[in-house]
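# Tertiary structure, described
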Amino acid sequence: MTTAPLRTERLDLEPVSAAHADEMVDLLADRALYAFYADEASPSLDDLRTRYSRWAAGTSPDGRETWCTWILRDRSSDACSGFVQATVRHDDGAAELAWVVGTAYQGRGFAREAAGAVLDAVLAGTHVDVPRQPVVRIEAHIAPGNEPSERVAAAIGLVPTSEHDPDGERLWRLPRPDPSA
Ligand SMILES: CC(C)(COP(=O)(O)OP(=O)(O)OC[C@H]1O[C@@H](n2cnc3c(N)ncnc32)[C@H](O)[C@@H]1OP(=O)(O)O)[C@@H](O)C(=O)NCCC(=O)NCCS
């Protein structure tokens with residue numbers, strides 16, 4: 001099972017590989033990206049290569065999750081501008097989405113465009129070459145006050161719930177289709 005490449009109007013969403021580390025390490029060194037994750041260190045190049053190799057495997061070490069990570073390549077500049085992730089839990093068929101866009105590329109609608117494409121692919125089962133199971137729930141965990149991330153979530157159709165994860169992040173979820181509609 002491998003992550004499928006995706007394409008939007010302006011972006012190529014490339015399944016992550018260790019080789020992307022060289023192009024992403026400077027973007028991820030920017031501490032502004034960690035305003036809501038102050039405890040998260042900027043990765044070194046070696047750390048990032050190791051991390052991306054692990055993510056490229058597509059499955060968690062315990063086999064309980066499918067990991068899909070796409071590096072966003074802006075076709076107009078050929079530059080890597082961020083990434084979007086979908087982590088699909090096999091036990092309950094829930095997909096958790098996350099997004100990061102480099103400071104130089106923010107405010108252009110890239111997160112919204114890429115996250116929307118990933119959401120559509122996950123719902124259609126086209127995020128991987130051979131889907132393991134249908135995804136029945138889509139959610140994102142967003143730290144209090146992370147307004148740009150809340151706007152991305154809302155733009156792709158997620159709504160805030162009253163639930164929080166153990167880190168205090170609010171769960172946003174895609175409403176289930178109304179069966180009476
Ligand atoms: C969250 C993030 C990915 C948004 O990326 P982006 O490409 O700039 O987002 P978009 O351009 O698609 O904008 C999406 C929405 O956020 C709004 N937005 C963007 N930057 C904003 C800011 N600094 N303050 C308030 N709103 C902002 C946009 O106006 C847009 O809202 P709209 O659709 O209602 O017009 C980016 O800010 C980021 O990487 N932050 C750091 C990492 C992070 O916190 N990730 C979230 C983990 S859950």
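Heads up: the structure comes first, above all this text.
Residues numbered from 1 in each chain as written. Predicted model: local features only at pLDDT ≥ 70, side-chain atom pairs only at ≥ 80, totals over all residues. Heavy atoms only, no water.

### With respect to the sheet that holds strand 1 (residues 6–7)
Taking strand neighbours across the sheet as the criterion, the eight strands line up as 1-2-3-4-5-6-8-7 in an open arrangement whose pairing is mixed. The open sheet is flanked by strand 1 and strand 7 (159–164), the only strands paired with a single partner. Here strand 7 runs beside strand 8 (residues 170–173); their pairing, made up of three bridges, is antiparallel. When the sheet's bridge partners are listed, V159 is paired in strand 8 with R173. Strand contacts of helix 1 (residues 20–28): strand 2 (11–15), strand 3 (65–74), strand 4 (79–89) and strand 5 (94–101), with the helix running at about 100° to strand 4, the strand carrying the most contacts. (Pairing = 2+ DSSP bridges. Helix = DSSP H or I, 4+ residues; strand = E, 2+ residues; numbered from the N terminus. Contact = heavy atoms within 4.5 Å. Axes fitted to C-alpha atoms, helices over the stretch in contact; angles between N-to-C directions.)

### Here we look at empty space enclosed by the protein
Considering all chains together, one arrives at one cavity of 30 Å³ or more under this definition. Taken as a whole, the largest cavity encloses approximately 50 Å³ of empty space. What lines the largest cavity is M1, T66, V88, H127, V128, P131, R132, Q133 and V135. Grouping the amino acids of the lining of the largest cavity by side-chain chemistry returns five nonpolar, three polar and one charged. (1 Å grid on protein atoms, 1.4 Å probe; cavity = no way out; pocket = protein on both sides within 12 Å on 5 of 7 lines; lining within 4 Å. Points joined across faces, edges and corners; volume = space filled by probe spheres on them. Nonpolar A, V, L, I, M, F, W, Y, C, P; charged D, E, K, R; others polar.)

### Examining the site of the ligand
The local shell around the ligand holds 19 residues, among which W99, V101, G107, G109 and R112 are the closest. A distance of 2.8 Å separates a nitrogen atom of the ligand from a polar backbone atom of W99. The separation between an oxygen atom of the ligand and a polar main-chain atom of G107 is 2.7 Å. Here the ligand has 930 Å² of accessible area as a free molecule, and 75% of this is covered by the chains. Those elements giving two or more residues to the shell around the ligand turn out to be strand 5, helix 3 (110–124) and helix 4 (147–155). With five residues, the top contributor of residues to the shell around the ligand is helix 4. (Near = heavy atom within 4 Å. Polar contact = N/O pair within 3.5 Å; in protein donor to acceptor, adjacent residues only side chain to side chain. Areas by Shrake-Rupley, 256 points an atom, 1.4 Å probe, with all protein chains shown as cover.)

Taken by themselves, the reported measurements are silent on function.
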